[in-house]
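Spelled out, the chains give:
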Amino acid sequence: MVALPPYALSMGMFTDHDEDGAPVIAMDFSERNTGRPGFLHGGAIGGLLEMAGFATLHAHLEREGIDATVRLKPVNISIEYLRSGLPERIFAYGEVVRAGRRVANVRVEAWQADRTKPVASCWMNFLIAPKKGSEG
Amino acid sequence: MALSEEHAAEVARMLQADHFDPSLWSKMMNVRGHSGFLDMNYVAHGDDWIELALPWREDLVGDPETGVLASGPIISLLDNATSMSASTRMKKFRPQVTLDLRIDYVRAAVPGRTIVARAECYQTTRSMAFVRGIAHDGDPTDPVAHAAGIFMLVQAPQFMKVK
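This structure is a prediction, so every number in the text was calculated from the model and none was measured. (Residues numbered from 1 in each chain as written. Chains lettered and ligands numbered in written order. Predicted model: local features only at pLDDT ≥ 70, side-chain atom pairs only at ≥ 80, totals over all residues.)

*Asks:* What's the story with the overall build of chain A in this structure? I'm lost.
*Replies:* Secondary structure summary: chain A contains 2 helices and 6 strands in total. By the compact-globule yardstick of 14 Å for 136 residues, chain A fits well, its C-alpha radius of gyration being 15 Å. Referenced to the eigenvectors of the C-alpha coordinate spread, the extents of chain A come out at roughly 50 × 25 × 25 Å. In chain A, of all internal contacts separated by at least 6 residues, the share reaching a separation of at least 24 is 63%. (Helix = DSSP H or I, 4+ residues; strand = E, 2+ residues; numbered from the N terminus. Rg over C-alpha atoms; globule rule 2.2 N^0.38 Å. Contact = placed C-beta atoms within 7 Å.)

*Asks:* So what exactly am I meant to see when it comes to the sheet that holds strand 1 (residues 13-19) of chain A here?
*Replies:* Pairing between the strands of a sheet comes from backbone hydrogen bonds, and it takes one of two forms, parallel or antiparallel. Ordered by their spatial adjacency, 12 strands build an open sheet running 1(A)-2(A)-4(A)-5(A)-6(A)-3(A)-5(B)-8(B)-7(B)-6(B)-2(B)-1(B), and the pairing between neighbours is antiparallel. The outermost strands of the open sheet, each flanked by one partner alone, are strand 1 of chain A together with strand 1 (41-45) of chain B. Within this sheet the neighbouring strands show an average axis-to-axis angle of 25°, counted without direction. Where strand 5 (residues 103-111) of chain A meets strand 6 (residues 120-130) of chain A, 8 bridges bridge the pair, whose relative direction is antiparallel. Bridging from a neighbouring strand, Val 106 of chain A pairs with Met 124 of chain A of strand 6 of chain A. Its contacts with the sheet put helix 2 (residues 22-29) of chain B on strand 1 and strand 2 (49-54) of chain B, and the angle it makes with strand 1 of chain B is roughly 175°. Along the sheet, helix 4 (residues 71-90) of chain B makes contact with strand 3 (70-81) of chain A together with strand 1, strand 2, strand 5 (96-105), strand 6 (115-124), strand 7 (128-136) and strand 8 (145-153) of chain B, crossing strand 6 of chain B at roughly 40°. (Pairing = 2+ DSSP bridges. Axes fitted to C-alpha atoms, helices over the stretch in contact; angles between N-to-C directions.)

*Asks:* Help me out: how do you make sense of the pairing of strand 5 of chain B in this one?
*Replies:* In this structure, strand 3 of chain A lies alongside strand 5 of chain B, joined through 5 bridges in antiparallel fashion. Residue pairing in the sheet places Ile 77 of chain A in a bridge with Ile 103 of chain B of strand 5 of chain B. Relative to strand 8 of chain B, strand 5 of chain B runs antiparallel, the two sharing 9 bridges. Bridge pairing links Asp 104 of chain B to His 146 of chain B in strand 8 of chain B.

*Asks:* Explanation requested: the interface of chain A and chain B in the structure shown.
*Replies:* It is common to report an interface's size as the accessible area lost on association of the parts. Counting residues at the interface gives 28 residues for chain A and 34 residues for chain B. Counting residues per element, the ones that place at least two in the side of chain A that touches chain B are helix 1 (6-10), helix 2 (42-63) and strand 3 of chain A. The dominant element in the side of chain A that touches chain B, judged by the number of residues it contributes, is strand 3 of chain A, at 8 residues.

*Asks:* Would you take a moment to explain the nonpolar core for this structure?
*Replies:* As a rule of thumb, nonpolar side chains are buried together in soluble globular proteins. In terms of nonpolar packing, the biggest core is built from 75 residues, with Leu 48 and Leu 49 of chain A together with Leu 77, Leu 78, Ile 115 and Ala 135 of chain B touching the most fellow members. Filtering out sequence-adjacent residues up to four positions away, Leu 77 of chain B remains in contact with Met 40, Leu 52, Leu 54, Ile 115, Ala 117 and Ala 135 of chain B. (Core = buried A, V, L, I, M, F, W, Y, C linked by C-beta atoms within 7 Å. Buried ≥ 20, exposed ≤ 12 C-beta atoms within 10 Å, placed from the backbone.)

*Asks:* Please explain helix 2 of chain B as it appears in this structure.
*Replies:* Along an α-helix, residues three or four positions apart point the same way, because every turn accommodates 3.6 residues. Pro 22, Trp 25, Ser 26 and Met 29 of chain B are the residues of helix 2 of chain B that are buried. Along the long axis of helix 2 of chain B, the arc covered by the buried residues comes to 100°, so they all point the same way. (Arc of directions from axis to C-beta.)

*Asks:* Explain the confidence of the model for chain B here, please?
*Replies:* Mean pLDDT for chain B: 92, with 96% of residues reaching 70 or above. We note a pTM of 0.94 for the whole complex and an ipTM of 0.94 for its interfaces. (pLDDT = per-residue confidence, 0-100.)

*Asks:* Would you explain unusual backbone geometry in this entry?
*Replies:* The phi angle of most residues is negative, glycine excepted, and most peptide bonds adopt the trans form. Residue and element names in this part refer to chain B. Backbone geometry at Asp 39 places phi at a positive 60°, although glycine is not the residue there. In this fold, Asp 39 is placed in the loop between helix 3 (33-37) and strand 1. Residue classification places Asp 39 among the partly exposed residues on the basis of 16 C-beta atoms within 10 Å. Positive phi, normally seen in glycine, also occurs at Lys 91, with a value near 60°. On the secondary structure map, Lys 91 appears in the loop between helix 4 and strand 5.

Okay, structure coming up:
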């Protein structure tokens, strides 16, 4: 199980369930993630996508047996906003496209009531850096 | 009036204003919702650019081992600043939604430092605003992030569903 950082917890994000070994991260609508009145803030959706991206890559590296020895640094993110974020629970799930020795590419999708109608999607690149004191 | 209704009423007033005052907008809007939670505030603006700041806070940290701010709040700050730069350039609040936003995390922000986003709208068409910006933690020549985005200009009813 991947622990969510303080930012994710203060935004109300949580692991809803696991799917094929990676977590689906969810967030309920609240004043804290409201953008224009009655809709989710694009930045909060971006933050959720990113958390799901981190979580799926951590889960992947854990299966490879190297998660404890590396630190993940986000290199970039590109978000496509596809639909307005409605005032209800939002989910995000990421898939590792490729994880090499130094860089990993992850795709993430967010949806609400209907999974076939994504609210936003993104790709992210991560740098996989050895943790200080461990051999990567 | 409920908080959300007040919020909607303020946005409705902004939609009718014949000019755009980034400082006033920031004072009204950045106390509410997500921007309010993040304590975003106005720093400065010019013809087609605006600066917004986001103070470091422990509950916004992404890595508890280092105290480095999560990147989520930086996305939100750049989203707000780039969006406001479009209305700043157009001299009127134009309802808009984010279509696309790309952010490069150039380096980790130093824990404890306030992040400043400087965003610029470099082109607008009838339906789109093209924006770019950086975020830094003290020195604009040594940014922590670089952003490029596109906002879609929409009609007021699409922007906000008012009952």
